[in-house]
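# Notes for the structure review
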Amino acid sequence: MQQVIRKARAKINLGLDVVKRREDGYHEVKMIMQTVDLYDELTICKTEQPGIQITTNVGDIPVNEDNLIYKTAKLMLDKYSIQQGIAVHLKKVIPVAAGMAGGSTDAAATFTGLNQLFDLKIPDEELMKMAVKIGADVPYCIMGGTALSEGIGEILTPLPNPPQCHLVIAKPDIYVSTKYVYENLHANELKHHPDIDAMIESLRAKDLRKMSQQMENVLELVTASEYPIIEEIKDTMKKCGAWNALMSGSGPTVFGIFDREEDANKAKELIAQKKLAKQVFISAFSN
Ligand code: ATP
C-alpha cells in the first residue's frame, strides 16, 4: 500500500463541566464528547526520502514540527523504526482554534492512517495510550462517537449515541485562547455545575429533547461574558426553533440542535445574513 486517505472528524461538547483545578495546575473535567460529520481529509503517502512533509489548503496553521500531524508521525516512525518518509496533505475544513478538537482529530487520523499504511496492526487501545502524549483529546478522537470524558480528558467511557437531529455549527470570527479561558474560570469557586449525570440518563433514555434542555458548558461563564456574539448566535438559533444551543469546548464555536431541517437551514441563513459567523455548517452526529 502506498497511500491512505482518512477522514478526521470534529467533536462538539454536549456538556462540559470543570470539576476542579488540581494543585499541579491541570483542570479535571467531566464532558460529554460527540463526534460530528464535519471533517478534515488527510492523504498520507509513503516517500522514498526519509522525513515528514506536510502541505495544506489553508494558510493559518503550521506545516512544520508544531503541527500535531508532524508530532504524531514522528512518534510513530521513531517508535516502530520506520525508515521510509511520509508526505501528508491536509484538506482543512474544521474551523481552526474553535473548540472542535481540529488538531487533535488530525493527530488521531495520523495514528490510525499510519497504522494502516505500514500494516502495523496496533490495536486501537494501544494507539490511544500513545495518543495521550500528543494531547488529552487525541485518545477520544481515535475512539470517536459519544463518550464521557473525565480526568484531564483521557479517562473515557463510551455512551449510547443520541438519536439523529440537524445540527447548525457556527464559528464566529474571533480568537479565544483556551489557556485564558481555563485560567479565568476559577474552577474551585464555582457555585453551580452542569448536571452531566442527568444528561447521561437522558441519553440512555434516547430522549434528545430532554438532553438538549439539560446542556450546559461551564466555560461559557468566561468566553460568553467576554464575547457577547456567542449569546447572539445562541439566541438566533433558538429563535429559529433550536431545542437548545451551546458553545463547544472553550469556544468560540456554537452549535444548535434542531428537530426540523427547515429550521436548521433558516438559522444557518440568518447567522450568515446578520454576519455573526463566516463559517456556518449544517451537520449531524456521527459514530
Ligand atoms: P481544542 O478543541 O482541542 O481546544 P481547537 O479547536 O481549539 O482545539 P485547533 O484547531 O486544534 O484548536 O488549533 C489550535 C492551534 O493548534 C492552531 O492555532 C494551530 O496553530 C495549532 N495546530 C497544530 N496542528 C494543527 C492541525 N493539524 N490543525 C489545526 N491546528 C493545528
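Attention in this report is confined to the structure presented alongside it. Just so it is clear, the model here is predicted, and its values are computed rather than measured.

## Focus on the sheet that holds strand E8 (residues 244–247)
Strand order in the open sheet formed by 4 strands is E8-E9-E7-E10, with antiparallel pairing between adjacent strands. Only two strands of the sheet have a single neighbouring strand rather than two, namely E8 and strand E10 (279–283). Put simply, the sheet's adjacent strands are angled 15° from each other on average, direction ignored. Two elements, strand E7 (residues 166–171) and strand E9 (residues 254–258), share 5 bridges in a ladder whose sense is antiparallel.

## What to know about the site of the ligand
Taken together, 19 residues sit near the ligand, with Asn-67, Ala-97, Ala-101, Gly-103 and Asp-106 positioned nearest. For the ligand, an oxygen atom lies 3.1 Å from a polar atom in the backbone of Ala-98. Residue Ala-101 places a main-chain N or O atom 2.8 Å away from an oxygen atom belonging to the ligand. With the chains in place, 76% of the 610 Å² that the ligand exposes on its own is no longer accessible. The residue makeup of the shell around the ligand, split by class, is 8 nonpolar, 6 polar and 5 charged.

## As for helix H2 (residues 102–117)
Helix length check: H2, at 16 residues, gives a terminal C-alpha distance of 22 Å against a target of 22 Å (1.5 Å per residue), a fit within 8%. Within H2, 14 of the 16 residues are buried, which leaves the element mostly enclosed by the surrounding structure. Count one or two residues on from H2 and you reach Asp-119, which has phi positive near 50°.

What counts, and at which threshold
- Residues numbered from 1 in each chain as written.
- Predicted model: local features only at pLDDT ≥ 70, side-chain atom pairs only at ≥ 80, totals over all residues.
- Heavy atoms only, no water.
- Pairing = 2+ DSSP bridges.
- Helix = DSSP H or I, 4+ residues; strand = E, 2+ residues; numbered from the N terminus.
- Axes fitted to C-alpha atoms, helices over the stretch in contact; angles between N-to-C directions.
- Near = heavy atom within 4 Å.
- Polar contact = N/O pair within 3.5 Å; in protein donor to acceptor, adjacent residues only side chain to side chain.
- Areas by Shrake-Rupley, 256 points an atom, 1.4 Å probe, with all protein chains shown as cover.
- Nonpolar A, V, L, I, M, F, W, Y, C, P; charged D, E, K, R; others polar.
- Expected span 1.5 Å × (residues − 1).
- Buried < 20%, exposed > 50% of the residue type's maximum accessible area, 1.4 Å probe, protein only.

The quantities given are spatial measurements derived from coordinates; they are silent on function.
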